Amino acid sequence: MTDNKILRAAASDGLFLGLYVFLAGFVLISVSGFRTAGSGGAMRILHTVPALVASGILLVHAFARMIIFLTAPKQEGRGAPLRLAGIYISFGCALMAAGIIISSLTRFEASMVLTEGQDFGDGGAGYTEGSVYSRRFSNPPDMKITMLQVTPALYNNGRDVLNLKAQFGYENRLSGNKKILYCNSLVPLFADGIFFRASNFGYSPHYRISSPAGEVLDEAFIIMKLFPPGSEDSFRIPIMPETFYLRYYPEGSRIQKDTITSAGERQGAFYQLRIARNLDLIVPSRPVAAGEQVGMGPMLISFDEPRRWVKIKVVKDAGLYFLGPGIFIALATALWGGYQRINSIMLMREWADEHDSNR
Amino acid sequence: MTRTYVMVAASAALAAVVAAFATTPGSGGQFRFKVGQFDSEGEKREIAETLKLFSATYAGFYVSGGNPEGLRSFPAEMMIKRRIFMDINSYREAGLVFALDRDRSDIKEIRFADATHAAATADEFWFMQFQNAATRRPLSAKKANFVTVRYFLKKQWGKWIVLEYEVYGQGDELPPLETERIAAW
């Protein structure tokens, strides 16, 4: 057994517990938003200086413990499993600490919002503004995605999402690898070194602005948060001062007379449209069917049947290959070691009872 | 064993202190907001004054046909200013002035998401009229416009400014106002 005092201090139980309590406490308090309006998530908090310093010390500590256990005299009987557990836990902790440090150097995280039929990359849509989180040595995925189908599974109330599935065509532009992938909102999909997860969906109406003579002046799909039914969102068209407020009812709706319009019950999908020009309400709230034209001054606006859009979160992080296994090894071994220790204590008590009764 | 407990307790305290201070600027204000030490009445008065200045200056821009005097003190985000002047310019090109006058404004609710984000809902009554830009001769009847406006505000450099607003007509159902939506601006 080593007599190195520095090594033994570095491997002490107090330091071990202290580091974990510090890391867990720091992450929990930061994630809670008690001091800030938003934290960005646990992984980003683990990339901050205090967490990285603690992870570095934890890495040194884990190696010190492994050395202590490996250089300890081999034990037979009840001591052997506990020594083995100590080695594995230390190894798991070393992997976790290394994973946090590697993640802080290599993590790439971003979100994209794609409508059915829309492409990402290769001149198509890009990542959502403000969503890209890229560390110094990150390697953003070079890919092209074509969103094929968005399928939400809803609860009976039609307002809450049970599971959100997205089917998309994926192409790795470096290797040329092409495939159809399916991701959902419950479990992240891991493909080609990248994690994909669907997190939100809504509707993209297609607006068309035309002159009274029928000439189309402007048209486009607009990504809007129109789910659950009755949710309102708004959009503006560049160089126009109007604001268009929309709600979408895909199944039709019974409209209360005194809340929205006096139209009564309405069959089939429809929009509820309102148009303001700065603080002037130029078109009061009214139901509009797909394709129906509404006058706004010298122009007309109409909306076609909407398509669904989905928000996909993309993560590429080399640290996760260490962090995940490290957590698993440390937890599994801790549980196993705990069981061994309890077993050992119970056997010692039995031995002590037998010894007392034989006196 | 005692040393272990001391180490654990010291680590927990250190985590709390580091998490409390190793955060973004303005976190002291967020902390005070979360523990209830926030002068909400004082901030509501400031927001009410801000909206009063906003409405008065907004009307002044339209009535003057786009005179930029007051633009520096106009408590609004740049995109709002741009939209207003885009609108005024389109009227001017048509030889029109869109004269506005706010008759009444009742603030119904002010809600805070945190120390620097708030949403205010106000019922407003405006009079509007098109006039000839050169002669100021009325070209339309005076129109009364009753709207409910939901303003989204943010406190920047010690002052509240309007980041965005939503306009609703009489009888329109206002969507529920969630904290995340207010703080999103």
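Up top is the structure.
Thresholds applied
Residues numbered from 1 in each chain as written. Chains lettered and ligands numbered in written order. Predicted model: local features only at pLDDT ≥ 70, side-chain atom pairs only at ≥ 80, totals over all residues. Heavy atoms only, no water. Pairing = 2+ DSSP bridges. Helix = DSSP H or I, 4+ residues; strand = E, 2+ residues; numbered from the N terminus. Patch = residues over 30% accessible without salt bridge, like charges linked within 9 Å, V, L, I, M, F, W, Y side chains within 5 Å. Areas by Shrake-Rupley, 256 points an atom, 1.4 Å probe, with all protein chains shown as cover. Salt bridge = Lys/Arg side-chain N within 4 Å of Asp/Glu carboxyl O. Lys, Arg positive; Asp, Glu negative; His and termini not counted. Charge placed at Lys NZ, Arg CZ, Asp CG, Glu CD. Polar contact = N/O pair within 3.5 Å; in protein donor to acceptor, adjacent residues only side chain to side chain. Contact = heavy atoms within 4.5 Å. Axes fitted to C-alpha atoms, helices over the stretch in contact; angles between N-to-C directions. Expected span 1.5 Å × (residues − 1). Buried < 20%, exposed > 50% of the residue type's maximum accessible area, 1.4 Å probe, protein only. Phe/Tyr/Trp six-rings, centres within 6.5 Å; stacked < 30°, edge-to-face > 60°. Lys NZ or Arg CZ within 6 Å of the ring centre and 35° of its normal. Core = buried A, V, L, I, M, F, W, Y, C linked by side-chain atoms within 4.5 Å. Parallel < 35°, antiparallel > 145°, perpendicular 65-115°, else oblique. Left-handed = near helix turned anticlockwise from the far one by under 90°. Nonpolar A, V, L, I, M, F, W, Y, C, P; charged D, E, K, R; others polar.

Undergrad: Looking at this structure, I do not really get the sheet that holds strand β4 (residues 143-154) of chain A. What am I missing?
TA: Two modes of strand pairing occur in sheets, parallel and antiparallel, and in both the strands are linked by backbone hydrogen bonds. Residues and elements named next belong to chain A. Spatially, β2-β4-β5-β6 is the arrangement adopted by the four strands of the open sheet, whose pairing is antiparallel. The open sheet has two free edges, formed respectively by β2 (119-120) and β6 (178-184), since each of these has just one partner strand. Sheet topology note: the β2/β4 ladder contains two bridges and is antiparallel. Bridge pairing in β4 links Asp119 to Thr146.

Undergrad: Even after reading the chapter, I still don't get a negative patch on the surface, so can you show me in this structure?
TA: A surface patch of negative charge is lined by Glu350(A), Asp353(A), Glu354(A) and Asp356(A). Relative to the helices and strands, Glu350(A) is located in helix α6 (residues 320-358).

Undergrad: Can you help me understand the side chain of Asn278(A) in this one?
TA: For Asn278(A), the location among the structural elements is in the loop between β14 (270-277) and β15 (280-288). A distance of 2.9 Å separates polar atoms of two side chains, one belonging to Asn278(A) and the other to Tyr165(B). Setting aside its immediate chain neighbours within four residues, Asn278(A) contacts Pro241(A), Tyr58(B), Tyr62(B), Arg83(B), Ile84(B), Asp87(B), Tyr165(B) and Val167(B).

Undergrad: Looking at this structure, I do not really get the pattern of salt bridges. What am I missing?
TA: If charged atoms from side chains of opposite charge come close, those side chains can pair. Inspection of every chain in the model, using the stated rule, returns 21 salt bridges over all chains. With a shortest N-O distance of 3.6 Å, Arg277(A) and Glu242(A) are connected by a salt bridge. Residue Arg277(A) is found in strand β14, and its partner Glu242(A) is found in strand β11 (residues 242-249); the two are separated by 35 residues along the sequence. Note that Lys108(B) and Asp123(B) form a salt bridge whose closest N and O atoms lie 3.7 Å from each other. Of this pair, Lys108(B) sits in strand β1 (residues 96-114) while Asp123(B) sits in strand β2 (residues 117-132), placing them 15 residues apart in sequence.

Undergrad: Explain the sheet that holds strand β4 (residues 159-169) of chain B to me, please; I cannot follow it from the model alone.
TA: Residue and element names in this part refer to chain B. Sheet architecture is open: four strands sit in the order β1-β2-β3-β4, paired in antiparallel fashion. The open sheet has two edge strands with one neighbour each: β1 and β4. Looking at each pair of strands side by side, their axes are set apart by 25° on average, direction ignored. By the bridge criterion, 12 bridges tie β2 to strand β3 (residues 143-156) in an arrangement that is antiparallel. The residue bridging Thr121 from the neighbouring strand is Arg150, located in β3. Strands in contact with helix α3 (residues 40-63) are β1, β2, β3 and β4; relative to β1, the strand with the most contacts, it is inclined by about 165°. Packing of helix α4 (residues 78-93) onto the sheet brings it into contact with β1, β2 and β4, and relative to β4 it is tilted by some 55°.

Undergrad: Would you explain α4(B) in this entry?
TA: Because the α-helix completes a turn every 3.6 residues, residues three or four places apart line up on one side. Helix length check: α4(B), at 16 residues, gives a terminal C-alpha distance of 22 Å against a target of 22 Å (1.5 Å per residue), a fit within 8%. Where α4(B) is concerned, the buried positions are Ile80(B), Lys81(B), Arg83(B), Ile84(B), Phe85(B), Asp87(B), Ile88(B) and Tyr91(B). On the buried face of α4(B), the contacting elements are β10 (232-236) and β14 of chain A together with α3, β1, β2 and β4 of chain B. Remark: Gly95(B) follows α4(B) within two positions and exhibits a positive phi of approximately 75°.

Undergrad: Quick question: what am I supposed to make of the packing of aromatic side chains here?
TA: For any pair of aromatic rings, the description rests on two quantities: the centre-to-centre distance and the angle between the ring planes. Within the structure shown, the criterion is met by 33 aromatic pairs over all chains. Judged by centre distance (4.9 Å) and plane angle (15°), the ring pair of Tyr249(A) and Phe270(A) falls under stacked. One end of the pair, Tyr249(A), is in strand β11; the other, Phe270(A), is in strand β14, with 21 residues separating them in the sequence. The aromatic ring of Tyr245(A) is capped on one face by Arg274(A), whose charged end is 4.3 Å from the ring centroid. Stacked on the ring of Tyr165(B), the Lys or Arg Arg83(B) has its end atom at 5.4 Å from the ring centre.

Undergrad: I tried to follow the nonpolar core on my own but got confused; where do I start?
TA: In a soluble, globular protein the nonpolar side chains are often hidden away together inside. Counting 45 residues, the largest nonpolar core has Met143(A), Ile145(A), Phe168(A), Phe196(A), Phe235(A), Ile301(A) and Ile312(A) as its most contacted members. With seven residues, strand β8 (residues 194-210) of chain A is the largest single contributor of residues to this core. When sequence neighbours within four positions are dropped, the list of residues in contact with Phe235(A) reads Tyr207(A), Ile222(A), Met224(A), Glu242(A), Thr243(A), Phe244(A), Leu246(A) and Phe303(A). Membership of the second largest hydrophobic core comes to 37 residues, among which are Ala276(A), Phe33(B), Phe74(B) and Ile110(B).

Undergrad: What is the right way to look at the environment of Gly324(A) in this model?
TA: Relative to the elements of secondary structure, Gly324(A) occurs in helix α6. Between the C-alpha atom of Gly324(A) and that of Arg44(A), which follows or precedes it by 280 residues, the distance is 16 Å.

Undergrad: I would appreciate a short explanation of a nonpolar patch on the surface in the present structure.
TA: All names here are of chain A. A cluster of nonpolar side chains, contributed by Leu84, Tyr88, Trp336 and Tyr339, occupies part of the molecular surface with about 430 Å² of accessible area. Secondary-structure elements contributing two or more residues to the nonpolar patch are α5 (79-106) and α6. When you line up the elements, Trp336 lands in helix α6.

Undergrad: Help me understand the packing of helix α2 (residues 13-31) of chain A against helix α4 (residues 49-71) of chain A, please; the structure alone is not making it clear to me.
TA: Residues and elements named next belong to chain A. Look at α2 against α4: their axes get within 10 Å of each other, and the N-to-C directions meet at 155°. In terms of orientation, α2 lies roughly antiparallel with respect to α4. The two elements α2 and α4 meet at a crossing, and its hand is left-handed. Across from Asp13, Leu15, Phe16, Leu19, Tyr20, Phe22, Leu23 and Phe26 in α2, the residues of α4 making contact are Pro50, Ala51, Ala54, Ser55, Ile57, Leu58, His61 and Arg65. When grouped by side-chain class, the residues that make up the contact of α2 with α4 number 12 nonpolar, two polar and two charged.

Undergrad: What is the right way to look at α4(A) in this model?
TA: Given a rise of 1.5 Å per residue, 23 residues ought to cover 33 Å, and the 33 Å separating the end C-alpha atoms of α4(A) matches this to within 8%. Listed as buried for α4(A) are Pro50(A), Ala51(A), Ala54(A), Ser55(A), Leu58(A), His61(A), Ala62(A), Ala64(A), Arg65(A), Met66(A) and Ile68(A).

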